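# Chain and residue survey
The primary structure of each chain is shown beneath.
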Amino acid sequence: LGEMTADEVAAYVDGLVPTGSTYHDIGMIWGGRMISPTGLYANENADIDGKRTTRHLIFLTDGETAPRDTAYSSYGIEPLDQRRWSESSALSLTQVVEKRFAVACDEVKKRNVTVWVIGFGTQMTDMLKTCAGSGHWFQANDATQLSETFRTIARSIGDLRISK
């Protein structure tokens, strides 16, 4: 949660390249934990004087759920550790990750968080569009489009009044 200058953000965004092997669920779970008014950073994210605080989460992804059952993930090696999926499951690993993502996204939005989704370098999926909702999802195919997308989002949330 360190501060970055505009040049540092621009350099970071310009260097992004979509590569796959994406686990959307863990990204949304941790994004929600970081911004939740009752989560890890509740001291920074709590409502002030009982007034609901508007929060925004920008979920940037390559747009495709692409877990690998042979890769070591946040839940271990899926078929060996079986913490969330096993090979005997009726659902594929991708289906499990997508269902968990949808539940996590719904839970984040219940905490007065506006979810913005950016698909970088690929077509947006219905799952991601549903999570973000109308007007809150974008597709960016290169660094220029990605920068413009962030500017669009910033303009949308920039007319905020900050009070303490």
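In short, a report on the structure. (Residues numbered from 1 in each chain as written. Predicted model: local features only at pLDDT ≥ 70, side-chain atom pairs only at ≥ 80, totals over all residues. Heavy atoms only, no water.)

## Topic: the state of the cysteines
Tallying each qualifying case throughout the model produces one disulfide. Two residues share a disulfide in this structure: Cys105 and Cys131, whose sulfurs sit 1.9 Å from each other. Across the disulfide from Cys105 to Cys131, rotation about the S-S bond amounts to roughly 90 degrees, and the bridge is consequently right-handed. Taken as a pair, Cys105 in helix α5 (residues 93-109) and Cys131 in helix α6 (residues 126-132) lie far apart in primary sequence, 26 residues in all. By the burial criterion, Cys105 is buried, and Cys131 matches it. (Disulfide = S-S within 2.5 Å. Helix = DSSP H or I, 4+ residues; strand = E, 2+ residues; numbered from the N terminus. Buried < 20%, exposed > 50% of the residue type's maximum accessible area, 1.4 Å probe, protein only.)

## Remarks on the side chain of Ser73
As for its position among the elements, Ser73 is in strand β2 (residues 72-73). Exposure remark for Ser73: the relative accessible area of 9% places this residue in the buried category. Among the polar contacts made by the side chain of Ser73, one reaches the side chain of Glu78 at a distance of 3.3 Å. If near-sequence neighbours (up to four positions away) are discounted, Ser73 is found in contact with Tyr23, Glu78 and Arg84. (Polar contact = N/O pair within 3.5 Å; in protein donor to acceptor, adjacent residues only side chain to side chain. Contact = heavy atoms within 4.5 Å.)

## What to know about the nonpolar core
Judged by nonpolar contacts, the single largest core of 18 residues is most densely connected at Met28, Val115 and Val117. Residue assignment for this core shows that the elements contributing at least two residues are α2 (24-35), β1 (55-61), α5, β4 (113-120) and α6. With residues near it in sequence (within four places) discarded, Met28 still touches Leu57, Phe59, Phe101, Ala104, Cys105, Val108, Val115 and Cys131. Listed in part, the eight residues of the second largest apolar core include Val13, Phe138, Ala140 and Leu146. (Core = buried A, V, L, I, M, F, W, Y, C linked by side-chain atoms within 4.5 Å.)

## A short note on the pattern of salt bridges
Once the charged atoms of two side chains with opposite charge are near each other, the side chains can pair. This structure, assessed with the given rule, holds eight salt bridges. Linking Asp25 and Arg84 is a salt bridge whose minimum nitrogen-to-oxygen distance equals 2.3 Å. Taken together, the positions of Asp25 in helix α2 and Arg84 in the loop between α4 (78-81) and α5 put the pair 59 residues apart, joining distant regions of the chain. Here Asp25 falls in the buried class, since its relative accessible area comes to 0%. We note a salt bridge from Glu107 to Lys110, for which the minimum N-O separation is 2.9 Å. The exposure class assigned to Glu107 is partly exposed, which follows from its relative accessible area of 30%. (Salt bridge = Lys/Arg side-chain N within 4 Å of Asp/Glu carboxyl O.)

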